[in-house]
Amino acid sequence: MPQIPVRINIDYGSILPKRNIKKSKKIAFSALFCALGVVIMYLGALIEVLDISMACIASMICIITVIEIGGAYPWLVFAVTGAISFLILPQKFAALIYVFFAGYYPMLKCIFERTRIRVLEWIIKLVVFNASMGALVLISLLALTLPGITKPYIIALFTLGNITFFAYDIALTMLIKLYFLKYRRLFGIEKLLK
């Protein structure tokens with residue numbers, strides 16, 4: 001079995017849809033992707049151990065929307081999935097993770113990786129992640145007034161969060177590559193959008 005390198009150069013400019021897709025098909029597929037995202041998020045809320053994992057899996061739907069439809073539709077899928085998740089999920093933690101980071105990060109990743117300077121790319125990615133994590137921690141401190149959150153706890157949280165983010169970014173890149181190599185043909189979404 002061939003090994004997949006950690007750095008996979010994906011030219012997002014060449015994969016974005018250039019074909020003329022009817023607006024009604026774009027809207028229909030976006031709605032379908034929103035529904036699928038909400039179902040995935042709901043599974044994460046029902047099984048609390050999977051809440052962060054399902055938020056990350058739901059974010060993959062946004063990257064498929066970037067690849068297959070493009071334009072503003074991935075952002076609409078993110079916004080609608082996040083809003084509906086906040087409204088109907090019994091546990092809101094998965095929705096918080098999705099809205100504050102996992103949902104919009106795949107779209108930003110495609111923009112950041114157009115920069116061919118790897119150090120700059122990772123600095124931008126880490127700044128975005130730490131800003132979103134900082135906002136989430138701040139909301140948790142102010143809105144939830146959680147007792148026992150000390151400075152060492154926050155430092156440990158950010159350290160582990162950055163390590164996890166690094167792994168998530170690499171895994172997302174490998175999943176995008178896998179989608180292109182295997183699942184894009186299998187799902188046949190490109191043929192359905194003609």
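The rules behind the values
Residues numbered from 1 in each chain as written. Predicted model: local features only at pLDDT ≥ 70, side-chain atom pairs only at ≥ 80, totals over all residues. Heavy atoms only, no water. Helix = DSSP H or I, 4+ residues; strand = E, 2+ residues; numbered from the N terminus. Buried < 20%, exposed > 50% of the residue type's maximum accessible area, 1.4 Å probe, protein only. Salt bridge = Lys/Arg side-chain N within 4 Å of Asp/Glu carboxyl O. Axes fitted to C-alpha atoms, helices over the stretch in contact; angles between N-to-C directions. Parallel < 35°, antiparallel > 145°, perpendicular 65-115°, else oblique. Contact = heavy atoms within 4.5 Å. Nonpolar A, V, L, I, M, F, W, Y, C, P; charged D, E, K, R; others polar.

## So, the environment of Val39
Relative to the helices and strands, Val39 is located in helix H2 (residues 23–46). Residue classification places Val39 among the partly exposed residues on the basis of a relative accessible area of 48%. A C-alpha to C-alpha distance of 9.6 Å links Val39 and Met54, two positions 15 residues apart in sequence.

## As for the pattern of salt bridges
In total, this model carries 6 salt bridges according to the counting rule given. Notably, a salt bridge pairs Glu113 with Lys125, separated by 2.8 Å at the nearest N-O pair. One end of the pair, Glu113, is in the loop between helix H6 (105–112) and helix H7 (118–143); the other, Lys125, is in helix H7, and 12 residues separate them in sequence. Given a relative accessible area of 4%, Glu113 falls into the buried group. Taking relative accessible area as the criterion, Lys125 reaches 0% and is therefore assigned buried. The salt bridge involving Glu121 is made with Lys125; its shortest N-O contact spans 3.1 Å. Within this pair, Glu121 and its partner Lys125 are both found in helix H7, separated by 4 residues, close to a single helical turn. The residues Glu121 and Lys125 share a single accessibility class, namely buried.

## Comments concerning the packing of helix H3 (residues 51–68) against H6
Axes are the key here: two packed helices are described by the angle between their axes and the distance separating the axes. Where H3 meets H6, the closest approach of the two axes is 8 Å, and the angle between their N-to-C directions is 50°. If you check the angle between H3 and H6, you find them oblique. Between H3 and H6, the contacting residues are Ser59, Cys62, Ile63 and Val66 on the first element and Pro106, Met107 and Cys110 on the second. Of the residues contributing to the contact of H3 with H6, the split by class is 6 nonpolar, 1 polar and no charged.

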